[in-house]
Amino acid sequence: MMRLYRLLLVSLALALGLAQAQAQSTASPAANAPSEYRLGAGDAVRVLVYQNPDLTLETRVAETGVISFPLIGNVRIGGLSVSAAEQLIADGLRNGNFVKQPQVTIVLLQIRGNQASVLGQVNRPGRYPIETTDMRLTDLLATAGGVAPTGADLVVLTGTRAGKPYRLEVDLPSLFSANSTASDVLVQNGDVLWVDRSPLVYIYGEVQRPGPMRLERGMTLMQGLAAGGGLTQRGTERGIRVHRKAADGSVQVEQLAMDAPLKEGDVVFVRESLF
């Protein structure tokens, strides 16, 4: 009797383990599956019904999200995934007794309903389609070819969320540091990503390569001079002056230490040595 009881417990445990494994194998692909694109106004689509070529339709989704399909009339597919829109049209054909077992396929010809813009200092500025609902800021930036050499580290994403204006400043270097994925937000229809020009400093006088140069983060006066090729044979460190704009807009002339940080818009002048 005890042996039979133990066998029943083992069988029950095996059955429960098998059921849990099947549930996990069923749920796991769904959890990892990529989000499907949702149709929007302006999208060009081709609708095909298997073995019914006369029902083939090429059209654009109207601003109201509606298309006019043969036999069933207006169908609102805006905001639906492609598979959901296929099922909606198939249900209309079946419920209207037009096709017994309709197999509907929707092909996206052109995406215009869900787009985001990338402007400023990127390699390929323009408008880009949002083909999946899980497209993030880094995905959009990569689609535009990344930040140009003249671009700043700080980017700005603007748009609307829940009917209200939305603005987010993102520091790109910190975005890729550990535990900082919260700033890599989802991109939504109508968003605009702006990449400003990088801050500049200006060096002239007795340096090898005078002119404007990118102000790197934490750049010191010595590093700025090194980026300009260093001093010429006639230049002198004692003759270095930094012209810096104050808070009231006036320009002040300062003599900084070599390890002092430079600020955006600083003008560094290297004088000629008198000896």
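Here we summarise the structure given alongside this text. (Residues numbered from 1 in each chain as written. Predicted model: local features only at pLDDT ≥ 70, side-chain atom pairs only at ≥ 80, totals over all residues. Heavy atoms only, no water.)

## Quick look at the pairing of strand β10 (residues 192-197)
Relative to β10, strand β6 (residues 115-120) runs parallel, the two sharing 4 bridges. When the bridges of β10 are listed, Gly120 appears paired with Val195. In this structure, strand β8 (residues 151-161) lies alongside β10, joined through 5 bridges in antiparallel fashion. Each residue of the ladder has a partner; that of Val155, found in β10, is Val195. (Pairing = 2+ DSSP bridges. Helix = DSSP H or I, 4+ residues; strand = E, 2+ residues; numbered from the N terminus.)

## Focus on the sheet that holds strand β2 (residues 57-60)
Reading across the sheet, the 3 strands line up as β2-β1-β5 and stay open at both edges, with antiparallel pairing between neighbours. Because the sheet does not close on itself, it has two edges, and the strands there are β2 and β5 (104-110). The average angle at which neighbouring strand axes cross in this sheet is 25 degrees, direction not considered. Bridge analysis of strand β1 (residues 44-49) against β5 gives 6 bridges, and the strand direction is antiparallel. Opposite Arg46, over in β5, you have Val107 as the bridge partner. Sitting on the sheet, helix α2 (residues 82-95) touches β1 and β5, and the angle it makes with β5 is about 135 degrees. (Axes fitted to C-alpha atoms, helices over the stretch in contact; angles between N-to-C directions. Contact = heavy atoms within 4.5 Å.)

## As for the side chain of Asp191
With respect to the secondary-structure elements, Asp191 resides in the loop between α4 (172-175) and β10. There is a polar contact of 2.8 Å between the side chain of Asp191 and the backbone nitrogen of Gln188. Setting aside anything within four residues of it in sequence, one finds Asp191 in contact with Gln115, Ala116, Ser117, Leu157, Thr158, Gly159, Thr160, Arg161 and Leu186. (Polar contact = N/O pair within 3.5 Å; in protein donor to acceptor, adjacent residues only side chain to side chain.)

## Some details on the environment of Tyr128
Inspection of the secondary structure assignment puts Tyr128 in strand β7 (residues 126-129). Judged by its relative accessible area of 14%, Tyr128 is buried. Separated by 16 residues in sequence, Tyr128 and Ala144 place their C-alpha atoms 8.0 Å apart. Once residues lying within four places of it in the same chain are set aside, the contact partners of Tyr128 are Asn114, Gln115, Ala116, Val118, Leu140, Thr143 and Ala144. Among the polar contacts made by the side chain of Tyr128, one reaches the main-chain carbonyl oxygen of Arg124 at a distance of 2.4 Å. (Buried < 20%, exposed > 50% of the residue type's maximum accessible area, 1.4 Å probe, protein only.)

From the geometry alone we can't say anything about function, so treat these as descriptive.
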